Amino acid sequence: EQHQQQQLRPFTVDILSIASISQLPLLHAQKHAHSSHISVRNFFNATELDDADPHCHANITWEHVAAASNHCRSRQGKKMNDVTKYMTLQYARTQ
């Protein structure tokens with residue numbers, strides 16, 4: 001049956017939904033809506049409880065945000081995989 005399902009799908013996607021534990025009904029609605037599509041292979045969800053620092057949302061500072069942003073921006077020109085390159089060209093801009 002799995003092989004037959006793969007043949008019916010023109011493509012497959014894996015979805016990662018990032019949500020907050022304070023908004024779990026939205027996460028459940030996304031899972032119900034998206035995972036019913038035949039092309040969805042996996043639906044993963046994560047909340048702040050899955051973070052290495054589950055309290056980061058409460059005690060993050062602008063300095064931490066700036067440091068993370070600077071780290072990501074400094075990767076410009078470094079080797080990126082094809083998916084990251086595509087997503088960067090389609091949905092992001094580097095400065």
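Since this is a predicted model, take the numbers as computed values, not measurements. Residue numbers run consecutively from 1 along every chain, following the written order of its sequence. With the structure being a predicted model, the display of local features is reserved for residues of pLDDT at least 70 and the display and counting of side-chain atom pairs for 80 or more, all residues being used for whole-chain, interface and lining totals. As a convention, hydrogens and water are excluded, and side-chain values are obtained from all of the structure's heavy atoms.

## What about the overall build of the chain?
Stage number 1. To qualify as a helix, a DSSP run of H or I must reach at least 4 residues; to qualify as a strand, a run of E must reach at least 2; elements of each kind are numbered from the N terminus. Of the regular secondary structure elements, the chain holds five helices and two strands.
Stage number 2. Reading the chain from its N terminus to its C terminus gives the helix and strand order α-β-α-β-α-α-α.
Stage number 3. A simple rule labels every residue: compare its accessible area, found with a 1.4 Å probe on the protein chains alone, to the largest value its type can have, and call it buried under 20%, exposed over 50%, or partly exposed in between. By residue count, 11% of the 95 residues in the chain fall in the buried class.
Stage number 4. Within the chain, residue pairs in contact and separated by at least 24 positions form 64% of the contacts whose partners lie at least 6 positions apart.
Stage number 5. Of the roughly 8300 Å² of accessible surface on the chain, a fraction of 56% belongs to carbon and sulfur atoms. In this analysis, two residues are considered to be in contact whenever any of their non-hydrogen atoms come within 4.5 Å of each other. In short, Shrake-Rupley with a 1.4 Å probe defines the accessible areas, and a residue's cover is counted only from the protein chains shown.

## Observations regarding the confidence of the model for the chain
Stage number 1. The predictor's confidence in any single residue is recorded as pLDDT, a number from 0 to 100. On average, residues of the chain carry a pLDDT of 77, and 73% of them reach 70 or more.
Stage number 2. The weakest mean pLDDT in the chain belongs to helix α1 (residues 2-8) at 60; the strongest belongs to helix α2 (residues 24-35) at 88.

## Remarks on the pattern of salt bridges
Stage number 1. By convention in these notes, a salt bridge is any Lys or Arg side-chain nitrogen within 4 Å of a carboxyl oxygen on Asp or Glu. Tallied over the full model, the rule gives one salt bridge.
Stage number 2. Here D14 ties to R41 by a salt bridge, and the two come within 2.5 Å at their closest N and O atoms. Pair noted here: D14 is in strand β1 (residues 13-18) and R41 is in strand β2 (residues 40-46), with a separation of 27 residues, a long-range link.

## Considering a nonpolar patch on the surface
Stage number 1. Like-charged residues are merged into a patch within 9 Å and nonpolar side chains (Val, Leu, Ile, Met, Phe, Trp, Tyr) within 5 Å, provided each residue has over 30% relative accessible area and no salt bridge. Residues L16, I18 and F44 make up a contiguous nonpolar surface patch of about 340 Å² in total accessible area.
Stage number 2. Among the secondary structure elements, L16 is positioned in strand β1.
Stage number 3. Judged by its relative accessible area of 56%, L16 is exposed.

## Points about the side chain of S39
Stage number 1. Inspection of the secondary structure assignment puts S39 in the loop between α2 and β2.
Stage number 2. The class for S39 is buried, based on a relative accessible area of 2%.
Stage number 3. Not counting the four nearest positions on each side in its chain, S39 is found in contact with R9, P10, F11, T12 and V13.

## Structural notes on the pairing of β2
Stage number 1. Relative to β2, β1 runs parallel, the two sharing six bridges. Paired with S17 across the bridge in β2 is N45.
Stage number 2. Think of it like this: strands point away, you trace from the first strand over the helix to the second, and a clockwise trace means the crossover is right-handed. Handedness of the β-α-β unit built from β1, α2 and β2 comes out right-handed. A pair of strands is labelled paired if DSSP reports no fewer than 2 bridges between them.

## What to know about the side chain of T47
Stage number 1. Structurally, T47 is set in the loop between β2 and α3 (56-59).
Stage number 2. Apart from residues lying up to four places away in sequence, T47 is in contact with A19, S20, I21 and L24.

## Structural notes on the environment of E48
Stage number 1. Position of E48 relative to the elements: it lies in the loop between β2 and α3.
Stage number 2. Spatially, the C-alpha atoms of E48 and S22 are 9.8 Å apart, while their sequence positions differ by 26 residues.
Stage number 3. Setting aside chain neighbours within four positions, we find E48 in contact with A19, S20, I21, S22, P54 and H57.
Stage number 4. The term polar contact refers here to a pair of N or O atoms within 3.5 Å; inside protein, the definition further demands a hydrogen-donor-capable atom paired with an acceptor-capable atom, and it admits residues adjacent in sequence only when both atoms are side-chain atoms. A distance of 3.2 Å separates polar atoms of two side chains, one belonging to E48 and the other to S20.

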